[in-house]
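Observations on chain architecture
In case you want the letters, here they are:
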Amino acid sequence: MRILEETGYFNASLYSPYGIAGVETLGYEVAIQCREQLGKDPDVVVITHAGGGNVTGTARGLIKAGALNTKVVGASVDLTGLHMASDKDFNRKSFTTGHTGFGIPFATWPDRSDVPRSAARPLRYLDRYVTIKQGEVFYITEALAQLEGLERGQLEIHLLRQPFTLHRRWMKTK
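Right, let's walk through the structure included here. Fair warning: this is a prediction, and the values are worked out from it, not measured in the lab.

Cut-offs applied
- Residues numbered from 1 in each chain as written.
- Predicted model: local features only at pLDDT ≥ 70, side-chain atom pairs only at ≥ 80, totals over all residues.
- Heavy atoms only, no water.
- Core = buried A, V, L, I, M, F, W, Y, C linked by side-chain atoms within 4.5 Å.
- Buried < 20%, exposed > 50% of the residue type's maximum accessible area, 1.4 Å probe, protein only.
- Helix = DSSP H or I, 4+ residues; strand = E, 2+ residues; numbered from the N terminus.
- Contact = heavy atoms within 4.5 Å.
- Polar contact = N/O pair within 3.5 Å; in protein donor to acceptor, adjacent residues only side chain to side chain.
- Pairing = 2+ DSSP bridges.

Topic: the nonpolar core
Looking at soluble globular proteins, one finds that nonpolar side chains tend to be buried together. By size, the foremost hydrophobic cluster in this structure holds eleven residues: Ala31, Val45, Ile47, Val55, Ala59, Leu62, Ala65, Ala67, Val72, Tyr125 and Leu126. Mapped by element, the contributors of at least two residues to this core are strand 1 (44-48) and helix 3 (53-64). In terms of residues, this core owes the most to one element, helix 3, which gives three residues. When sequence neighbours within four positions are dropped, the list of residues in contact with Ala65 reads Tyr28, Ala31 and Arg35. Counting five residues, the second largest nonpolar core, distinct from the first, contains Val77, Leu82, Ile132 and Val137.

Looking at the side chain of Thr70
Looking at the secondary structure, you find Thr70 in the loop between helix 3 and strand 2 (71-77). With relative accessibility at 7%, the residue Thr70 sits in the buried group. A distance of 2.6 Å separates a polar side-chain atom of Thr70 from the backbone oxygen of Pro42.

Brief notes about the pairing of strand 1
The buried count for strand 1 comes to four of five residues, which makes it a mostly enclosed element. Of the strand pairs in this sheet, strand 1 and strand 2 are connected by five bridges, and their pairing is parallel. Counterpart to Ile47 in the pairing with strand 2 is Gly74.

Pasting the structure below:
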């Protein structure tokens, strides 16, 4: 409220406590729907990780729903070798968010975001952090477009590549 009084505007950033609380509904709904449809809590939830708000909010929602044993996995597109301060490198990436250029720095220092005291605290909630390559994202996006008729675009569909890999590994150990 002090920021509103001092600046004259309300910051609705995903990193504010209000933004995080809004995302909590996603984690809560995932837990409830899994219980209704599968009769149990999800074993793992894979969440796009960039600034940490999505991971923090979803994980907090899972906790509020009582899904305390659900593993939280953050996933980012690996942009190793591309420097975000370089216009040339920046233009070689295909993702505006959900990549390691944001995911790694914000996991280790969330307060560098656009709010004075970020409410995003992904390291509190992450059980695992995984990365995927841009090519893998393009492959799974095209496969789903062809097989399921899903549209290509800014749908955070890059998350879908990692669950395929994690599921394959998980089935070998379960």
